[in-house]
Amino acid sequence: MSYALAIDGISKSYGAVRAVSSLNLRIAPGERVALIGASGSGKSTLIRLASGLLTGDSGEVRVFGEAIQRSGKLTKDARKIRRRIGLIFQKFNLVNRMSVTSNVLVGALGRISELRGTFGFYCRADREAAYSALCQVGIEQHAHKRAEALSGGQQQRAAIARALVQRAKVIIADEPIASLDPKSAKRVMDILADLNKTQGITLLVSLHQVDYARAYFDRVVAMRGGEIVFDGPSSKLTPEFLTELYGASAEELILPGQAGPAETHQPMTRNDAPAELTRAH
Ligand SMILES: Nc1ncnc2c1ncn2[C@@H]1O[C@H](COP(=O)(O)OP(=O)(O)OP(=O)(O)O)[C@@H](O)[C@H]1O
């Protein structure tokens, strides 16, 4: 079977610090997995290794069967393979002064010529895909605004729309809701869960908030000291179990029960597309 993500024996050290240590992880297509752990446990490093943003000291990462890195080097196909991964960060990673649409269209860059991308010559199909993605995340009414004019939650939804335009088969998100208020956080998690259910997009999402891991994920991987110390059902994440895993550090993982259950996200219906999206070059 070709796993969406297969990580074998990956390690990464910074000097004497073993940020990730001989770690193995397999995620099947369509699975959704939460990655939890106290600060410094290695979540971000693992996410960067999994997406090929960082090379390990050893080990291998395969995405749908194709190696993106092996023995400390990116493979020659790494760029192509990375296109299957939509990356979402805590700080959204949008270009503030560009419009929401232009930011979302960045997702198409991997499959159009450099020249067309440089001059923003997107075809009608790309613009329709961008509009459709904005509708799916419910911010099509903000398409023409600068990214910086959007709230944090809306910016994160634009980042998800960019991953949709990219046609990502896996979304890897590093603390996507850490900067958001609870209502926006729920909306973002609802959208990610909806994409997983309706489009089969595989999810690997790091979270500090254990209550969200329990509400949205069946499977949770918990890290400590660069290693996986638990891989199993989220229902096991009781305060007692977290204290067993993390001792006093368990307090920084917001314990279950502090946020209400999520409202179901209803994808927006298609209205008239803003001109910016329908204008084909
Ligand atoms: N660029 C770096 N240089 C030196 N040490 C690093 C670097 N990146 C991470 N580390 C160290 O590696 C370990 C794992 O860090 P990492 O950021 O992966 O943890 P994390 O679980 O994501 O933490 P947080 O929840 O605080 O973001 C930590 O001890 C950290 O200090």
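What you see is a predicted model, and the numbers here were worked out from it, not measured in a lab. (Residues numbered from 1 in each chain as written. Predicted model: local features only at pLDDT ≥ 70, side-chain atom pairs only at ≥ 80, totals over all residues. Heavy atoms only, no water.)

1. Some details on the overall build of the protein
Looking only at helices and strands, one finds 10 helices and 11 strands in the protein. Split into buried and exposed, the 281 residues of the protein put 51% on the buried side. Contacts spanning at least 24 positions in sequence make up 68% of the contacts within the protein whose residues lie at least 6 apart. As displayed, the protein offers around 12700 Å² of accessible surface, 49% of which is attributable to carbon and sulfur atoms. (Helix = DSSP H or I, 4+ residues; strand = E, 2+ residues; numbered from the N terminus. Buried < 20%, exposed > 50% of the residue type's maximum accessible area, 1.4 Å probe, protein only. Contact = heavy atoms within 4.5 Å. Areas by Shrake-Rupley, 256 points an atom, 1.4 Å probe, with all protein chains shown as cover.)

2. Considerations on the sheet that holds strand β3 (residues 32-37)
In space, the six strands of this open sheet follow the order β7-β8-β9-β3-β10-β11, with mixed pairing throughout. Edge positions in the sheet fall to β7 (85-89) and β11 (227-233), since each has one partner strand and no second. Strand-to-strand twist in this sheet, taken as the mean axis angle between neighbours without regard to direction, amounts to 15°. As paired elements, strand β8 (residues 170-174) and strand β9 (residues 202-206) share five bridges and run parallel to each other. From the neighbouring strand, D174 faces β9, where its bridge partner is S206. Sheet strands touched by helix α9 (residues 239-246): β3, β10 (219-224) and β11. Its angle to β10, the strand with the most contacts, is close to 30°. (Pairing = 2+ DSSP bridges. Axes fitted to C-alpha atoms, helices over the stretch in contact; angles between N-to-C directions.)

3. Focus on the sheet that holds strand β4 (residues 58-63)
Sheet strands associate in pairs through backbone hydrogen bonding, adopting either a parallel or an antiparallel arrangement. Within the open sheet, the five strands sit side by side as β2-β1-β4-β5-β6. Their pairing is antiparallel. The open sheet terminates on both sides in strands that have one partner only, identified here as β2 (17-27) and β6 (73-74). Bridge count between strand β5 (residues 66-70) and β6: two bridges; the pairing is antiparallel. Residue pairing for β6: Q69 is matched across the bridge by L74. On the sheet, helix α1 (residues 43-50) packs against β1 (5-14), β2, β4 and β5 and is oriented at approximately 125° with respect to β1.

4. What about the site of the ligand?
Neighbouring the ligand are 13 residues, the closest being S39, G40, K43, S44 and T45. Between the ligand and the protein, one listed contact pairs an oxygen atom with a backbone N or O atom of S41 at 3.1 Å. Within the contact set of the ligand, an oxygen atom lies 3.0 Å away from a backbone nitrogen or oxygen of G42. A total of 630 Å² of accessible area belongs to the ligand in isolation, and the protein chains cover 59% of it. When residues in the shell around the ligand are grouped by element, the largest group, three residues, is from α1. Its residues assigned to classes, the shell around the ligand comprises four nonpolar, seven polar and two charged. (Near = heavy atom within 4 Å. Polar contact = N/O pair within 3.5 Å; in protein donor to acceptor, adjacent residues only side chain to side chain. Nonpolar A, V, L, I, M, F, W, Y, C, P; charged D, E, K, R; others polar.)

5. Points about unusual backbone geometry
Even without being a glycine, S22 presents a positive backbone phi close to 40°. Here S22 is to be found in strand β2. In this structure, S71 is a non-glycine residue whose phi angle is positive, near 50°. Mapped onto the fold, S71 is located in the loop between β5 and β6. S71 gets classed as exposed once you look at its relative accessible area, which sits at 56%.

6. Some thoughts on the confidence of the model for the protein
Of the residues in the protein, 86% reach a pLDDT of 70 or more, and the chain-wide mean stands at 87. Across residues 259-281, where pLDDT falls below 50, the model places 53 contacts with residues more than four positions away in sequence or in other chains. (pLDDT = per-residue confidence, 0-100.)

7. Side note on the packing of helix α6 (residues 152-165) against helix α7 (residues 182-199)
In contact at an axis separation of 9 Å, α6 and α7 are set at 20° when each is read in the N-to-C sense. The pairing of α6 with α7 is recorded here as roughly parallel in orientation. The two elements α6 and α7 cross, and the hand of that crossing is right-handed. Taking contact as the criterion, the partners of G153, Q156, R157, I160 and L164 in α6 are, on α7, S184, R187, V188, I191, L192, L195 and Q199. (Parallel < 35°, antiparallel > 145°, perpendicular 65-115°, else oblique. Left-handed = near helix turned anticlockwise from the far one by under 90°.)

8. Digging into α6
With 14 residues, α6 should cover 20 Å at 1.5 Å per step; its first-to-last C-alpha distance of 20 Å lies within 8% of that length. Among the 14 residues that make up α6, 13 are buried, leaving the element largely enclosed by the rest of the structure. Just downstream of α6, R167 is the residue with a positive phi angle, here 60°. (Expected span 1.5 Å × (residues − 1).)

9. Description of helix α5 (residues 124-136)
Its 13 residues place the ends of α5 18 Å apart at the C-alpha level, agreeing with the 18 Å of an ideal helix rising 1.5 Å per residue. D126, R127, A130, Y131, A133, L134 and C135 are the residues of α5 that are buried.

10. Details of the pairing of β11
Bridge count for β10 against β11 is six bridges, and the pairing is antiparallel. Each bridged residue has a counterpart across the sheet, and for V220 the counterpart in β11 is G232. The turn linking β10 back onto β11 is made up of two residues, and G225 within it adopts a positive phi angle of 55°.

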